[in-house]
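Here is how the chains run, residue by residue.
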Amino acid sequence: MQLDAFDIAILDILQKDNSVPQRAIAEAVHLSAPAVQRRIRKLEEAGVIRAHVAVLDAAKVGLPLTIIIEVHLENERPDRTAPMRARIAAEPAVQQCYSVTGEADYLLIVTVASMADYEALTQRLFEGDDNIRRFRTSVALGWLKSSMQLPLDKVPV
């Protein structure tokens, strides 16, 4: 889908506050409310808008630990990584997972309530998988920035 300046303006508003009424978006981007509604629907159908969610404060809902895990594999062949990837995809505690370059093969961001929960998580994800050479854990001590907002001012239109 080719995005135009109206789409970018709509997306910029929505990613900052998804509860902005469509009539307010229409006023801000100088379109009619039905035009904004059609554009949002097309953006959803094209997968540009992947979800409408509330961003929660993990600590305030009882999940104060954010942990970064580097996973190092023996073999990166898809048939060897598929079981681990399926476990990761199905695990609610995994907030993000990236296949990466460098020493590690995967980087996971997980959120848990306690170190005991983290130990149980690593057992579920990694125990008994002979393709996992090792994993390394870093516990986040605090956060400077946490955002899923994309820098839309850099998107070519």
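Since the model is a prediction, treat every value here as computed from it, not as a measurement. (Residues numbered from 1 in each chain as written. Predicted model: local features only at pLDDT ≥ 70, side-chain atom pairs only at ≥ 80, totals over all residues. Heavy atoms only, no water.)

## Digging into the overall build of the chain
So, step 1. Along the chain, the regular secondary structure elements total five helices and four strands.
So, step 2. Each helix and strand of the chain, ordered N terminal to C terminal, gives the series α-α-α-β-α-β-β-α-β.
So, step 3. The C-alpha atoms of the chain give a radius of gyration of 20 Å, which is well past the 15 Å a tight globule of 157 residues would have.
So, step 4. With the C-alpha coordinates of the chain rotated into their principal frame, the extents come out at 55 × 35 × 25 Å.
So, step 5. Counting all 157 residues of the chain, 27% fall into the buried class.
So, step 6. If you take every contact in the chain between residues at least 6 apart in sequence, the share linking residues at least 24 apart comes to 64%.
So, step 7. Counting only carbon and sulfur atoms, one obtains 54% of the accessible surface of the chain, whose full area is about 10,700 Å². (Helix = DSSP H or I, 4+ residues; strand = E, 2+ residues; numbered from the N terminus. Rg over C-alpha atoms; globule rule 2.2 N^0.38 Å. Buried < 20%, exposed > 50% of the residue type's maximum accessible area, 1.4 Å probe, protein only. Contact = heavy atoms within 4.5 Å. Areas by Shrake-Rupley, 256 points an atom, 1.4 Å probe, with all protein chains shown as cover.)

## Quick word on the sheet that holds strand β3 (residues 106-112)
So, step 1. Read across the sheet, four strands follow the order β2-β3-β1-β4 without closing on themselves; strand pairing throughout is antiparallel. Edge positions in the sheet fall to β2 (94-99) and β4 (132-139), since each has one partner strand and no second. Across this sheet, the average inter-strand angle for adjacent strands is 20°, counted without regard to direction.
So, step 2. As paired strands, β2 and β3 are joined by five bridges and run antiparallel to one another. Across the sheet, residue Tyr98 finds its bridge partner in β3, namely Leu107.
So, step 3. Against the sheet, helix α4 (residues 78-90) engages β1 (65-73), β2, β3 and β4, with an angle of about 30° to β3.
So, step 4. Set on the sheet, helix α5 (residues 115-126) makes contact with β1, β2, β3 and β4; between it and β3 the angle comes to about 140°. (Pairing = 2+ DSSP bridges. Axes fitted to C-alpha atoms, helices over the stretch in contact; angles between N-to-C directions.)

## Quick look at the pattern of salt bridges
So, step 1. This model, assessed by the stated rule, comprises eleven salt bridges.
So, step 2. The salt bridge partner of Arg87 is Asp129, with a shortest N-O separation of 2.6 Å. In this pair, Arg87 is assigned in helix α4 and Asp129 in the loop between α5 and β4, connecting sequence segments 42 residues apart.
So, step 3. Arg87 gets classed as partly exposed once you look at its relative accessible area, which sits at 25%.
So, step 4. The class of Asp129 is buried, set by a relative accessible area of 13%.
So, step 5. Here Arg134 ties to Glu103 by a salt bridge, and the two come within 4.0 Å at their closest N and O atoms. Of this pair, Arg134 sits in strand β4 while Glu103 sits in the loop between β2 and β3, placing them 31 residues apart in sequence.
So, step 6. Relative accessible area serves as the criterion here: at 36%, Arg134 is assigned to the partly exposed category. (Salt bridge = Lys/Arg side-chain N within 4 Å of Asp/Glu carboxyl O.)

## Focus on the packing of helix α1 (residues 5-16) against helix α2 (residues 22-29)
The description of two packed helices rests on the angle between their axes and on the distance between the axes.
So, step 1. At a closest axis distance of 10 Å, the pairing of α1 and α2 adopts a crossing angle of 130°. Here α1 lies oblique to α2, going by the angle between them. The crossing of α1 and α2 is right-handed. Across the interface between the two elements, Phe6, Ala9, Ile10, Ile13 and Leu14 from α1 touch Ile25, Ala28 and Val29 from α2.
So, step 2. Class assignment of the residues belonging to the contact of α1 with α2 gives a composition of eight nonpolar, no polar and no charged. (Parallel < 35°, antiparallel > 145°, perpendicular 65-115°, else oblique. Left-handed = near helix turned anticlockwise from the far one by under 90°. Nonpolar A, V, L, I, M, F, W, Y, C, P; charged D, E, K, R; others polar.)

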